[in-house]
Amino acid sequence: MRFLGYFEHICSIPHCSYQAQKLGEFLLEFSKSRGFDTKIDESFNIHAIKGKPKICLQAHYDMVCVGEAPKIELENDGEFLSAKNSTLGADNGIGLAIIMDIMDEAQDLEVLFTSDEEVGLIGANAFAGEICAPALLNLDSEDDSEVIIGCAGGLLAEFRREFEPSKLGLGELFSSSVSEHLSTGLLSNESSHSTSAENCTQNSSTLNANYCESSEHFGTGLLSNESSHSTSAKNSTQNSSNLNANYYELSCEGLEGGHSGMQIAKNIPNAIKELAHFAKNHGANILAMSGGDRDNAIPTWAKALVSASSKLESKGLVKAKKLDLLGAKELFAKLCDDDLKNPIIMKSNSADFTKRENSRNSRIPLLNDFLLALPHGVLGWDEGLGLPKTSANLAIVRTSLTSKDENARIAFSVQIYARSSSQEELAKLKNSYEAISELVGFQSSFGASSMPWEPEQSEFATSVLTALQKYRPNAKITAIHAGLECGCLSAKMKQKGKKLVACSIGPNISGAHTINERCEIKSAQIIAQVVRDVLKNA
């Protein structure tokens, strides 16, 4: 089990998505040291060739970092690998380790280590090289009884709106001195979206207008036209006593979470949705909110500052805690500060990235309703394959202050990741997102989408299945509702006039993209042997 030693070493090198260069450098030098002709491209894909390969082994070297990751404290109980308080990175570190183990002795082999798979297949989509072997075996699957020959495409969407001080108000939160909530240094980072006690005090007259000036904000909370914005400061002042008496911290934490593709059909509770439903059902308005970690992980936590016209009590998955004025100020500051620590990552690396400015800036939406209007969960089912056809994951919400001066605005950002085996369905979802954001005055931005990988039976996939059935007799050929790089790499080779057949296998991994991630050691051993058998019989 030499590959376990390699995996342990991989865990010691930080390799979160967008920040995996050190691991890339290690893999580059490792490949060269094993006698491979090795190149690295502008997107940090590492392409290594030795001899006359018939098969290319492929894995990605970034990981989803949740919890204390990239610090990974590896745990091995003899049956499973796991990590203490963080994602493990077996997705796709185990695949990397198995390939490295094989590279130690291989004479005819091609290897492709791709970058930033977890954030939109970026490396694979940007790969400009040519795969020499006629077949590609990807090691990024998570069930050792399956040979994957198809996967869903993906679409990442972000919605954002900055609220002008003259349009909205946070009532008492900024109407009096706010130096108390800054004394802990929550917003002291000069390079961040921070603010100072001095600026907040100077801007109290404008920031006081920063979240619905009228008393309606604490009733319907929906100001649908310009006339709504003209409510006087007098009305806001008159309602100040009520505002101070009805601030709450809502939290929904410690949920199961899971991979937004592999586990979306399990109806796992979404912390953001749970909190938004609670607020809606109890007449509470969300003033600031932070929740979720990554676009491809079902949110395990969410926290919000809300106002309510009646008493709130904890119920179900949501806890409610009454706050005084100082507590509300401190929570608002912390939620904005959390935005600095857990930012939404939207990389406009592609020409496909588009941004639409809308015209309905007069409409001031209640954040609760916007979050509830956005879809989450399975949206369509493939009866033939017995898995989701289309789904959406409401993944991340953040609140931030855009600056620390008199031009400060409060910004809400929401991110959602959709998947579908149909490109047409992804296009329809994009239209829906644009329509929803247009109605509520948000900007909509879209990252580069990944194309679905249409299932295609091949002799190569059959040979891999035969090798796998030696250890897993009930193994089958199927497709998954997640993203894999096989499809885009095959498509790229087709554009170059070359036929590349591909399939994917991998060990049993549960809880991917959560702190509960673990990998079955015996299963990883089986996959390592299957890869050797496939190479031997090629």
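See above for the structure.
First things first, this report covers the structure right here in the doc. (Residues numbered from 1 in each chain as written. Predicted model: local features only at pLDDT ≥ 70, side-chain atom pairs only at ≥ 80, totals over all residues. Heavy atoms only, no water.)

In terms of helices and strands, the protein chain carries 15 helices and 24 strands. Here the protein chain holds 538 residues, and 58% of them are scored as buried. Long-range pairs, those at least 24 residues apart, make up 79% of the contacts in the protein chain between residues at least 6 apart in sequence. A total of about 21,600 Å² of accessible surface is found on the protein chain, and carbon and sulfur atoms cover 47% of it. (Helix = DSSP H or I, 4+ residues; strand = E, 2+ residues; numbered from the N terminus. Buried < 20%, exposed > 50% of the residue type's maximum accessible area, 1.4 Å probe, protein only. Contact = heavy atoms within 4.5 Å. Areas by Shrake-Rupley, 256 points an atom, 1.4 Å probe, with all protein chains shown as cover.)

With respect to the element layout, Ser450 can be found in the loop between β20 (443–446) and α13 (459–469). Ser450 sits in the buried class, given a relative accessible area of 6%. Reaching out from Ser450, the side chain makes a polar contact with the backbone nitrogen of Gly154 at a distance of 2.8 Å. (Polar contact = N/O pair within 3.5 Å; in protein donor to acceptor, adjacent residues only side chain to side chain.)

With that settled, consider the pairing of strand β1 (residues 37–40). Relative to strand β2 (residues 46–50), β1 is paired through 4 bridges, and the arrangement is antiparallel. Bridging across to β2, Asp37 finds its partner in Ile49. In this antiparallel pair of consecutive strands, β1 and β2, the connection spans 5 residues, and Phe44 shows a positive phi of 70°. (Pairing = 2+ DSSP bridges.)

Our next topic: the nonpolar core. In terms of nonpolar packing, the biggest core is built from 66 residues, with Ile98, Phe113, Leu137, Phe460, Ile505 and Val531 touching the most fellow members. What Ile98 contacts, discounting residues up to four positions off in sequence, is Phe3, Leu139, Ala524, Ile527, Ala528 and Val531. Membership of the second largest hydrophobic core comes to 55 residues, among which are Ala276, Ala320, Val397 and Leu426. (Core = buried A, V, L, I, M, F, W, Y, C linked by side-chain atoms within 4.5 Å.)

What follows covers the pattern of salt bridges. One side chain can pair with another of opposite charge once the charged atoms of both are near each other. What the rule picks out here adds up to 14 salt bridges. Put simply, Arg532 and Glu105 hold a salt bridge, and the shortest N to O gap is 2.5 Å. A residue pair is termed long-range when its members are at least 10 positions apart, and Arg532 in helix α15 (residues 521–537) and Glu105 in the loop between α3 (90–103) and β6 (109–114) qualify at 427 residues. Judged by its relative accessible area of 45%, Glu105 is partly exposed. Among the ionic pairs, Lys428 bridges to Glu425, the shortest N-O distance being 3.8 Å. One end of the pair is Lys428 and the other is Glu425, both in helix α12 (residues 423–440) and 3 residues apart, which spans about a single turn. (Salt bridge = Lys/Arg side-chain N within 4 Å of Asp/Glu carboxyl O.)

What follows deals with helix α14 (residues 486–495). Burial analysis of α14 places 7 of its 10 residues in the buried class, the great majority of the element. Of the residues making up α14, those classed as buried are Cys486, Gly487, Cys488, Leu489, Ser490, Lys492 and Met493. In this structure, the buried side of α14 is in contact with β3 (55–60), β6, α4 (122–126), β7 (135–138) and β22 (501–504). Gly497, located one to two residues past α14, shows a positive phi value of around 80°.

Tallied over the entire structure, the rule returns 1 disulfide. For Cys16, the disulfide goes to Cys65, at an S-S distance of 2.0 Å. Disulfide Cys16 to Cys65: torsion about the S-S bond roughly -100°, handedness left-handed. One end of the pair, Cys16, is in the loop between α1 (2–11) and α2 (21–33); the other, Cys65, is in the loop between β3 and β4 (74–76), with 49 residues separating them in the sequence. The pair formed by Cys16 and Cys65 is uniform in burial state, with each residue classed as buried. Free cysteine Cys56: the closest other cysteine sulfur is in Cys132, separated by 8.6 Å. For Cys56, a relative accessible area of 0% translates into the label buried. (Disulfide = S-S within 2.5 Å.)

Here the focus is the packing of aromatic side chains. Enumeration over the complete set of coordinates arrives at 5 aromatic pairs. Relative to Phe370, the ring of Phe159 lies with its centre 5.7 Å away and its plane at 90°, an arrangement referred to as edge-to-face. Highlighted residues: Phe159 in strand β9 (residues 153–163) and Phe370 in helix α11 (residues 367–373), separated in sequence by 211 residues. One exposure class covers both Phe159 and Phe370, and it is buried. Pairwise contacts between aromatic rings join Phe159, Phe370, Tyr433 and Phe442 into one cluster. The side chain of Lys322 reaches across the aromatic face of Tyr248, ending 5.8 Å from its centre. Sitting over the ring of Phe80, Arg518 keeps its end group 3.8 Å from the ring centre. (Phe/Tyr/Trp six-rings, centres within 6.5 Å; stacked < 30°, edge-to-face > 60°. Lys NZ or Arg CZ within 6 Å of the ring centre and 35° of its normal.)

Before going further, it helps to spend a moment on helix α9 (residues 271–281). The set of residues buried in α9 consists of Ala271, Ile272, Lys273, Leu275, Ala276, Phe278 and Ala279. A side-chain oxygen of the first residue of α9 lies 2.8 Å from the backbone nitrogen of Ile272; this N-cap is Asn270. Looking one or two residues past α9, Gly283 carries a phi angle of roughly 65°, positive in sign.

Let us look at the side chain of Glu517. With respect to the helices and strands, Glu517 occurs in the loop between β23 (509–510) and β24 (518–520). It is Arg518 that comes nearest to the buried, bridge-free Glu517 among opposite-charge side chains, at 11 Å. Within polar-contact distance, the side chain of Glu517 engages the backbone nitrogen of Gly89 at 3.1 Å. Within the structure, the side chain of Glu517 is placed 3.2 Å from the backbone nitrogen of Asp91, a separation counted as a polar contact. (Lys, Arg positive; Asp, Glu negative; His and termini not counted.)

Close contact between α1 and α15 brings their axes to 10 Å; oriented N to C, the two are set at 110°. Here α1 is positioned roughly perpendicular relative to α15, judged by the angle of their axes. Of the two possible hands of crossing, α1 and α15 adopt the one that is right-handed. The residues of α15 that touch α1, namely those facing Arg2, Phe3 and Leu4, are Ile521, Ala524, Gln525, Ala528 and Arg532. Its residues assigned to classes, the contact of α1 with α15 comprises 5 nonpolar, 1 polar and 2 charged. (Axes fitted to C-alpha atoms, helices over the stretch in contact; angles between N-to-C directions. Parallel < 35°, antiparallel > 145°, perpendicular 65-115°, else oblique. Left-handed = near helix turned anticlockwise from the far one by under 90°. Nonpolar A, V, L, I, M, F, W, Y, C, P; charged D, E, K, R; others polar.)

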